[in-house]
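Residues per chain, in single letters:
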Amino acid sequence: MKNIFSFIIPVYNEKENILPTIKEIYKYFDKKKIEILFVDDNSPDGSAKEIEKHSKYYKSVKLIQHGKKDGIGAALQFGCKYAKGEYLIFLDADLSQSPKYLDGMISLLDDKTHMVIGSRYLNKSNILNQSVFRRYGSLLFNIFLQIVFLLKVKDITHSFRIFKKEIFDETKNQISEKGHPSFLIQFTLLAIKKNFQIKEYPITFIDRDITQGVSKLSVMKELFKSLIFVFRYKFK
C-alpha cells in the first residue's frame, strides 16, 4: 500500500521524545498508510541512534540525516525532499501538537482545500503551559502578519499543518528562508500566491513540559530575523 501521509519531524537533542512521538502517531494512524521521517540535525545526545533503534520495530519510521543545525525550516525542507506521501505533515517532536487533531484537519481537505493549519488562535483553540510573553507575542505577531499581507489565516507561524505534496513541489525552488517562523511565513505566502487554498482547524497547544527537554528556539533572535524577512518580502 502506498504511503498516504508523510510525517516530517525535525530533531535536535530529542532522544527522550522519539518513542513517545512514534507511539502517539501510531495511536491515530494505520501504520500501513504512513511514514514517519525524523530529520536529525546531527544531535549530540544520540537522537539518531534512538531513531534507528526504534525503526527496527516500527517499520514506518525512517532516519533522515540532515547533518547540520541550520534551522527548523531547513530541516523541514530537507524532509520534504524525501517524503513519498501524497500529504505531508509537519509535527514537533515534543508532542506540544497532538496527532489526535489530524483526523479533523484531514476532514477539511478536498479539491478546493490544499492545506490545513492546526491553529492556536481560533475561537475554539487553546494554549496551555505557555508564558504570557510567548503567548501574546506570537498572537500579536500573527495579527501583524495578517495586516501586512492582508491574510485570512490567523496562525501562519504555526508549524503543525497538513498539505498536499504538490504545494512543496511548486514552491521549493522559491524558498530561501531556513529559520522559524520565517520559513513557515514564506512557505505559506508562496502557497497563497500560487492559489492554493488554506483552512485552519482549532487545536489545544500544550507548550513543552520541562521533562520533554528545553525548547531550542531563541524567541527574540528568531523574531528579529522574521521581521527582516517580512519587510524584505513585502517591499521587494
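Each value, and the rule that gives it
- Residues numbered from 1 in each chain as written.
- Predicted model: local features only at pLDDT ≥ 70, side-chain atom pairs only at ≥ 80, totals over all residues.
- Heavy atoms only, no water.
- Helix = DSSP H or I, 4+ residues; strand = E, 2+ residues; numbered from the N terminus.
- Rg over C-alpha atoms; globule rule 2.2 N^0.38 Å.
- Buried < 20%, exposed > 50% of the residue type's maximum accessible area, 1.4 Å probe, protein only.
- Contact = heavy atoms within 4.5 Å.
- Areas by Shrake-Rupley, 256 points an atom, 1.4 Å probe, with all protein chains shown as cover.
- Lys, Arg positive; Asp, Glu negative; His and termini not counted.
- Charge placed at Lys NZ, Arg CZ, Asp CG, Glu CD.
- Patch = residues over 30% accessible without salt bridge, like charges linked within 9 Å, V, L, I, M, F, W, Y side chains within 5 Å.
- Salt bridge = Lys/Arg side-chain N within 4 Å of Asp/Glu carboxyl O.
- Core = buried A, V, L, I, M, F, W, Y, C linked by side-chain atoms within 4.5 Å.
- pLDDT = per-residue confidence, 0-100.
- Axes fitted to C-alpha atoms, helices over the stretch in contact; angles between N-to-C directions.
- Parallel < 35°, antiparallel > 145°, perpendicular 65-115°, else oblique.
- Left-handed = near helix turned anticlockwise from the far one by under 90°.
- Phe/Tyr/Trp six-rings, centres within 6.5 Å; stacked < 30°, edge-to-face > 60°.
- Lys NZ or Arg CZ within 6 Å of the ring centre and 35° of its normal.

**Examining the overall build of the protein**
Part 1 of the reasoning: When helices and strands are tallied, the protein shows 8 helices and 9 strands.
Part 2 of the reasoning: In terms of overall dimensions, the protein is globule-like: its C-alpha atoms have a radius of gyration of 17 Å, near the 18 Å expected for 236 residues.
Part 3 of the reasoning: For the protein, the C-alpha atoms occupy an extent of roughly 50 × 40 × 35 Å along the three principal directions.
Part 4 of the reasoning: The burial tally for the protein puts 52% of its 236 residues in the buried class.
Part 5 of the reasoning: Within the protein, contacts between residues at least 6 apart in sequence are counted, and of these 80% link residues at least 24 apart.
Part 6 of the reasoning: For the protein, the accessible area works out to roughly 11,900 Å², and carbon and sulfur atoms hold 53% of it.
Part 7 of the reasoning: Charge centroids of the protein, computed over 39 positive and 26 negative side chains, lie 2 Å from each other.

**So, a nonpolar patch on the surface**
Part 1 of the reasoning: On the surface, V132, Y136, L140, I143 and I147 cluster together into a nonpolar patch covering about 520 Å² of accessible area.
Part 2 of the reasoning: Considering the arrangement of structural elements, one finds Y136 in helix α5 (residues 132-149).

**Concerning the nonpolar core**
Part 1 of the reasoning: One finds F90 and F163 to be the most contacted residues of the largest nonpolar core, which totals 36 residues.
Part 2 of the reasoning: Elements that contribute at least two residues to this core include exactly β2 (34-40), α3 (72-82), β4 (87-90), β5 (115-119), α5, α6 (165-171), α7 (182-193) and α8 (219-234).
Part 3 of the reasoning: Ranked by the residues each element gives to this core, the list is headed by α7, at 7 residues.
Part 4 of the reasoning: When near neighbours in sequence (up to four residues on either side) are disregarded, F90 contacts I8, L76, C80, S159, F160, R161, F163, F183, L184 and F187.

**A word on the confidence of the model for the protein**
Part 1 of the reasoning: Looking at the protein as a whole, its pLDDT mean stands at 92, while 94% of the residues score no less than 70.
Part 2 of the reasoning: Note that residues 210-214 has pLDDT below 50 and, in this model, 6 contacts with residues that lie over four places away or in other chains.

**Here we look at the environment of F5**
Part 1 of the reasoning: Checked against the element boundaries, F5 lands in strand β1 (residues 5-11).
Part 2 of the reasoning: Exposure remark for F5: the relative accessible area of 11% places this residue in the buried category.
Part 3 of the reasoning: Along the sequence, F5 and L150 sit 145 residues apart, while their C-alpha atoms lie 31 Å from each other.
Part 4 of the reasoning: When near neighbours in sequence (up to four residues on either side) are disregarded, F5 contacts F29, K33, I34, E35, Y87, I89, I106 and I162.

**Quick notes on the packing of helix α1 (residues 18-28) against helix α2 (residues 47-55)**
Part 1 of the reasoning: Where α1 contacts α2, the two axes come as close as 10 Å, and the packing angle between them is 40 degrees. Judged on the interaxial angle alone, α2 and α1 are oblique. As α1 runs across α2, the sense of the crossing is right-handed. In this structure, α1 uses I18, L19 and I22 to contact α2, whose residues at the interface are E50, I51 and H54.

**Describing the packing of aromatic side chains**
Part 1 of the reasoning: Applying the stated criterion across every chain yields a total of 16 aromatic pairs.
Part 2 of the reasoning: Arranged with centres 5.2 Å apart and planes meeting at 55 degrees, the rings of F78 and Y82 form a pair that is tilted. In this pair, F78 and Y82 both sit in helix α3, 4 residues apart, roughly one turn of the helix.
Part 3 of the reasoning: The exposure class assigned to Y82 is partly exposed, which follows from its relative accessible area of 44%.
Part 4 of the reasoning: Pairing F163 with F187 gives two aromatic rings, centres 5.1 Å apart and planes at 70 degrees, and the pair type is edge-to-face. Note that F163 is positioned in strand β7 (residues 161-164) and F187 in helix α7, a separation of 24 residues in sequence.
Part 5 of the reasoning: Residue classification places F187 among the buried positions, given a relative accessible area of 0%.
Part 6 of the reasoning: Put simply, the rings of F5, F7, F29 and Y87 touch in pairs and so form one group of aromatic residues.
Part 7 of the reasoning: In this arrangement the basic side chain of K69 is found over the ring face of Y12, its NZ or CZ atom lying 4.9 Å from the centre.

**Re the pattern of salt bridges**
Part 1 of the reasoning: Going through the model one piece at a time under the given rule, you end up with 7 salt bridges.
Part 2 of the reasoning: With its nearest N and O atoms 3.2 Å apart, the salt bridge here joins D169 to K165. Taken together, the residues span about one helical turn, with D169 and K165 both in helix α6 at a distance of 4 residues.
Part 3 of the reasoning: Judged by relative accessible area, which is 35%, D169 ranks as partly exposed.

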